[in-house]
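Below, each chain spelled out in residue letters.
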Amino acid sequence: MNETNTNRRHFLKLTAATGAAVGLASTVGRAGAQAAASPAKPGDLLIYQDGAKKGQPVKLADLKVGVAVWAAVADPATKQPRDAAKGGVVIVKLASGKVKASSKPNALGDVVAYSALCTHQGCPTKEIGSLGQGKGNIICTCHGSIFDPGDNAKVLGGPAPRRLAALPLKKDDSGQLVAKAAFTGKVGS
Ligand code: FES
């Protein structure tokens, strides 16, 4: 998939995407539920999950405001994802001043990262909303849950029972994003 298609996918309209994806929920949700114990260890690298940079470390300087990056958590020794089925993380660079107090302990400046697995039935979140309540927020298209990346992934709408688990961030000497600690809560449903 080229970069243009990837960006378009990330900015699909919530209203259209929600309805189209409902039928996928039962199958994808089961896979996500199995991944509920996703590990991440302090010092783990974050590497791109797809696109032209797939497999490369995510660098702080590469991130653009409002454009989410989906990344895998990788063992720093082997550079391999710890488990491809775990769903990885969604990384969002917010506009200046948009990181609220609830997110600041885990943020790296204006950048936040959360488990990409929805807390409803474990679907992988794959969208940043472009309309209405979803605008600028992380969307799970399976059943329309909405999470606020600037407020520690607080649930803004939909059936999700709790926030996405945050992944505390830091950067290494070369500007690569690294997990500062394990996920702050349960991953997935
Ligand atoms: S799995 Fe149902 S809203 Fe995400």
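Above this text sits the structure in question.
If you're wondering where the values come from, they're calculated on a predicted model, not measured in any experiment. (Residues numbered from 1 in each chain as written. Predicted model: local features only at pLDDT ≥ 70, side-chain atom pairs only at ≥ 80, totals over all residues. Heavy atoms only, no water.)

What to know about the state of the cysteines
Item 1. Counted according to the given criterion, the structure contains 1 disulfide.
Item 2. With a sulfur-sulfur separation of 2.0 Å, Cys-123 is cross-linked through a disulfide to Cys-142. For the disulfide bridge between Cys-123 and Cys-142, the dihedral angle about the S-S bond is near -90 degrees, and by the sign convention the bridge is left-handed. One end of the pair, Cys-123, is in the loop between β4 (111–115) and β5 (127–128); the other, Cys-142, is in the loop between β6 (138–140) and β7 (145–148), with 19 residues separating them in the sequence. You'll find Cys-123 and Cys-142 in the same group, each marked buried. (Disulfide = S-S within 2.5 Å. Helix = DSSP H or I, 4+ residues; strand = E, 2+ residues; numbered from the N terminus. Buried < 20%, exposed > 50% of the residue type's maximum accessible area, 1.4 Å probe, protein only.)

Some points on the pattern of salt bridges
Item 1. For the structure on display, the rule yields 3 salt bridges.
Item 2. Note that Arg-82 and Asp-44 form a salt bridge whose closest N and O atoms lie 2.7 Å from each other. Within this pair, whereas Arg-82 is found in the loop between β2 (69–74) and β3 (89–93), its partner Asp-44 is found in the loop between α3 (25–34) and β1 (45–48), the two being separated by 38 residues in sequence.
Item 3. According to the relative accessible area criterion, Arg-82 is partly exposed, its value standing at 29%.
Item 4. Take Asp-44: its relative accessible area is 1%, and that puts it in the buried class.
Item 5. With a shortest N-O distance of 3.7 Å, Asp-75 and Arg-82 are connected by a salt bridge.
Item 6. One salt-bridge network, in which partners are shared between bridges, spans Asp-44, Asp-75 and Arg-82. (Salt bridge = Lys/Arg side-chain N within 4 Å of Asp/Glu carboxyl O.)

Section: unusual backbone geometry
Item 1. A positive phi is found at Lys-79, a non-glycine position, where the angle reads about 65 degrees.
Item 2. Examined against the element boundaries, Lys-79 turns out to sit in the loop between β2 and β3.
Item 3. A positive phi angle, near 55 degrees, is found at Asn-152, a position not held by glycine.
Item 4. Within the fold, Asn-152 resides in the loop between β7 and β8 (154–157).

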